Amino acid sequence: MIGIMDSVNELTEVVGQNRMELLLFKLSGLRQRYGINVFKVREVLPCPHLTVMPKLQKFVIGVAHIRGQTISVIDLAYAIGGRPSRDIEKCFIIIAEYNRSTHAFLVSSVERILNMNWDKIMPPPKGAGDSNYMTAVTEIDGELVEILDVEKILEEISPSKLETQDLNEIYDEQFSKLVEEHKPKVLVADDSKVALRQVCSSLEKLNLEVVTANDGKEALNILKEASANGPINQQFACVISDVEMPEMDGYTLCATVRQDPVLKPVYIILHTSLSGVFNLGMVSKAGANDFIPKFNPLELAKAVKKGIILTNAGSSGADLIMNKNDASSALEKS
């Protein structure tokens, strides 16, 4: 129906330009428009025949068999606090990839795709509280558009048990001694409160000091302020950054850091729910040291441990930039 995915080469052109493509849609019974990053969208289809199965979560209205895969269909309007959708046969589904799995979201209509700059995407208004389902907002045609926190929605529908994963195999005697002596600090940038909580929980199990930022711009300012106190890789042993963030995305944060002689040495891990081959060129071009698809605490802990060891061994993050082969190996894990 909609030509969502561009070629790898075309997609890599957005790296360092702080641009994104936003798919606009509406939900049943709700007036405003909502958005989702096109990079997460596999396809958009008229709602197919749904099979209702017993004991489904209340927001999951059925399952669909699409291209050889059985996918649960989530009523997005109902999941964010609206009423259950009506006239489902007239609705559409957005099939998207989040956190290594495929999901289908029921929407009442799909409008268009906009190519826009991340600096036009703003954090949620202060005072919006933690109960909302938006990671960001933007103004289009004089109307406020919400970019949904899909990770939060999915976590509420199917709570993750990954935070209880045992990380003892990472925290060995050698690493314990390194942490005790150097007290490494990690900067984590993510606009999703759920993702930020998950990452911080894992890092705290490694006895690491964690500093958080809600977007790339805030993370960049933190790095700049920290650099006034000495070499940046002595202030932060590692930076973990989401890709999708308002004001400044993770790719642009990474590329900007690599262009700054003072910040360039810091070790950077991109940590994102985006997955697929289109990330290969982006990771390499942006200058990341590692790429970890969300969310597996053990994989993330291993990547952080590697970064901390290399940093404390005197290696510069800029000298260890991931190449495409490394990125390919990381993506195969997803």
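Source: prediction; values computed, not measured.

## Some points on the confidence of the model for the chain
So, step 1. Mean pLDDT over the chain stands at 83; residues scoring 70 or higher make up 83%.
So, step 2. Counting interchain partners and residues more than four positions distant, the pLDDT-below-50 stretch residues 1-12 has 23 contacts.
So, step 3. The low-confidence segment residues 330-334 (pLDDT under 50) makes 12 contacts with residues lying over four places distant or belonging to another chain.

## Focus on the pairing of strand S12 (residues 209-213)
So, step 1. Relative to S12, strand S11 (residues 185-189) is paired through five bridges, and the arrangement is parallel. Residue pairing across strands places Lys185 opposite Glu209, the latter belonging to S12.
So, step 2. Handedness of the crossover is the feature at issue here: the chain leaves S11, passes through helix H5 (residues 193-205), returns alongside S12, and the resulting connection is right-handed.

## So, the sheet that holds strand S13 (residues 238-241)
So, step 1. Across the sheet, five strands lie side by side as S12-S11-S13-S14-S15; this open sheet has parallel pairing. Sheet topology places S12 and strand S15 (290-293) at the edges, where each strand pairs with a single neighbour. When the angles between neighbouring strand axes are averaged without regard to direction, this sheet yields 20°.
So, step 2. Lying over the sheet, H5 contacts S11, S12, S13 and strand S14 (268-272), oriented at roughly 165° with respect to S12.
So, step 3. With respect to the sheet, helix H8 (residues 250-259) is in contact with S13 and S14, its orientation differing from that of S14 by roughly 175°.

## Side note on helix H10 (residues 297-312)
So, step 1. The terminal C-alpha atoms of H10 lie 22 Å apart, and with 16 residues this matches the ideal 22 Å at 1.5 Å per residue to within 8%.
So, step 2. Among all positions in H10, only Pro297, Leu298, Glu299, Leu300, Ala301, Ala303, Val304, Lys305, Gly307, Ile308 and Thr311 are buried.
So, step 3. The backbone nitrogen of Leu298 lies 3.1 Å from a side-chain oxygen of the residue at the head of H10, namely Asn296.
So, step 4. Positioned one or two residues after H10, Gly314 has a phi angle of 95°, which is positive.

Reading guide: rules and limits
- Residues numbered from 1 in each chain as written.
- Predicted model: local features only at pLDDT ≥ 70, side-chain atom pairs only at ≥ 80, totals over all residues.
- Heavy atoms only, no water.
- pLDDT = per-residue confidence, 0-100.
- Contact = heavy atoms within 4.5 Å.
- Pairing = 2+ DSSP bridges.
- Helix = DSSP H or I, 4+ residues; strand = E, 2+ residues; numbered from the N terminus.
- Right-handed = clockwise from strand over helix to strand, strands pointing away.
- Axes fitted to C-alpha atoms, helices over the stretch in contact; angles between N-to-C directions.
- Expected span 1.5 Å × (residues − 1).
- Buried < 20%, exposed > 50% of the residue type's maximum accessible area, 1.4 Å probe, protein only.
- Polar contact = N/O pair within 3.5 Å; in protein donor to acceptor, adjacent residues only side chain to side chain.

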